[in-house]
Amino acid sequence: MVGKTNLTFISKGESSSVQLIQKSYVTDATGQIYKMEIINNRFFSFVGESDYGKKNVMMGTDAGNMSFVRMDNELLEATHIIYIEGKYYIVQSGSECTEIYETADFQEYVQVNLSGIEGRWLGMFLDSRGKAILVSYIYSDKTHKDFKVYVCDSLRDMTNALVGQGTIDVKNAYNTCLINNRIFFPDGRQVSLAGTTIIPNENNGKWKRHDYAGGYFFRMESTGYYDGSKKLLYRSRDLVSITCYPYEIADTVSTYIIPISGAYGYLYAESGKRFLNIANDILQVGYPDNEKIEIGEDILISSVLEDDDKTYLGTPNGVIYELQLDYEGVIQRPDVAIIKTMAAKQALAQSLQYTDECIAKVKNYIDNKFEGEIS
């Protein structure tokens, strides 16, 4: 396991007390971390060397403590993992639907036979109600896939599953995900759990799955200036209805919108440096007057995971970045906590000493009084 390199970089905005805590982890992976998930309190990173190459999985207690998962002394090949009824269920997109495995500990695996599901896997998910969602497909022609969506309470009872179906033309289906109970593909195409297909208007531009934050997808578009230095920012809930922000953004490189510590971060480059523009309101994302903080490195993002107050960024080369906003300025200052603890202990000791002195004085007074009355 190589996830041992943990570098921390702290930067602070000029006009406020907020600071950005940045950590980076070098993992065992050298390929693209195209998806990250927290499953049953475990940290999973899904790794692919290429669109059509092998897809493997790393697992650990956190982003800095992961190793590749193995099955039968080989690296586990999987694109989707869910945890339900006390077991992990594993499939690989594109493989036969007979190939589904369950495990309780990633040491012993059992192949599961799900009757009634034919074709190949498109994906497997858990919806907002905790129901298992399985999606299979068969080719109707060279490019189109006839798919079925199975919604079930238990993988042990597929006979009562609700089934939706439709047809879709997609590539790179290994990188599907479930957002707001819709299955999203990397190119923005969607499938509802009932099987309805939604295809974004190509005139609305290209959307990236990792540009999703606060319930919205985001994308950038050039305004048509000759040098391409000005761009417009768009947001959409469903990739069908589009809203344009009323201001231009100066940027000449790829941009990203990420959720971070309850706010929204817009990563951009300017004068050879990389910055994080912080918006507390979704309507102010990328606004030029927002708080800006320089970040430590140029980050190419291929996946995003938000967990509590921390945001994890997967990259094309196996490195994971962890970002967190600190408004109190004490997250990376353990000395402050130590000082507070020492001060509390010192105050308690002084209080106890004072109490002992008072008790001694009262005791002396009573003894002297008692002796005076006897005499």
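Residues numbered from 1 in each chain as written. Predicted model: local features only at pLDDT ≥ 70, side-chain atom pairs only at ≥ 80, totals over all residues. Heavy atoms only, no water.

A.B. asks: Would you explain the overall build of the protein chain in this entry?
C.D. replies: Within the protein chain, the regular secondary structure consists of one helix and 31 strands. Per-residue burial over the protein chain gives 46% buried out of 375 residues. Residue pairs in contact within the protein chain that sit at least 24 positions apart in sequence constitute 44% of those at least 6 positions apart. (Helix = DSSP H or I, 4+ residues; strand = E, 2+ residues; numbered from the N terminus. Buried < 20%, exposed > 50% of the residue type's maximum accessible area, 1.4 Å probe, protein only. Contact = heavy atoms within 4.5 Å.)

A.B. asks: In this structure, what is going on with the confidence of the model for the protein chain? I would like to understand it.
C.D. replies: On average, the protein chain scores 84 in pLDDT, and the residues at 70 or more come to 82%. Low pLDDT (under 50) marks residues 333-345, which in the prediction has one contact with non-local residues, meaning those over four places away or in another chain. (pLDDT = per-residue confidence, 0-100.)

A.B. asks: Looking at this structure, I do not really get the sheet that holds strand S16 (residues 162-168). What am I missing?
C.D. replies: Adjacent strands of a sheet form backbone hydrogen bonds with each other and so pair up, either parallel or antiparallel. Read from one edge of the open sheet, four strands run S13-S14-S15-S16, paired in antiparallel fashion. The two strands at the open ends of the sheet, each matched to only one other strand, are strand S13 (120-126) and S16. Within the sheet, the average angular offset between the axes of one strand and its neighbour, ignoring direction, is 20 degrees. (Pairing = 2+ DSSP bridges. Axes fitted to C-alpha atoms, helices over the stretch in contact; angles between N-to-C directions.)

A.B. asks: I'm lost on the packing of aromatic side chains in this one. Help?
C.D. replies: Aromatic ring pairs are defined here through the distance separating the ring centres and the angle between the ring planes. Per the counting criterion, the structure on display carries 16 aromatic pairs. Pairing tyrosine 34 with phenylalanine 46 gives two aromatic rings, centres 6.4 Å apart and planes at 50 degrees, and the pair type is tilted. Of the two residues, tyrosine 34 sits in strand S3 (residues 32-39) while phenylalanine 46 sits in strand S4 (residues 42-48), which places them 12 residues apart along the sequence. For the pair tyrosine 34 and phenylalanine 46, a shared accessibility class is recorded, and that class is buried. Between tyrosine 88 and phenylalanine 106, the aromatic rings sit 4.7 Å apart at their centres with planes inclined by 50 degrees, giving tilted as the arrangement. Residue tyrosine 88 is located in strand S10 (residues 87-91), and its partner phenylalanine 106 is located in the loop between strand S11 (101-103) and strand S12 (110-111); the two are separated by 18 residues in the primary sequence. Its relative accessible area of 1% is what places tyrosine 88 among the buried residues. One residue, lysine 55, lies across the ring of tyrosine 174, its end atom 4.4 Å from the ring centre. (Phe/Tyr/Trp six-rings, centres within 6.5 Å; stacked < 30°, edge-to-face > 60°. Lys NZ or Arg CZ within 6 Å of the ring centre and 35° of its normal.)

A.B. asks: Whenever I open this one, the sheet that holds strand S25 (residues 256-260) confuses me. Can you help?
C.D. replies: One open sheet accounts for four strands, arranged S25-S26-S27-S28; its pairing is antiparallel. Of all strands in the sheet, those bounded by a partner on one side alone are S25 and strand S28 (291-294). Pairs of neighbouring strands in the sheet enclose a mean axial angle of 30 degrees, with direction left out of account.

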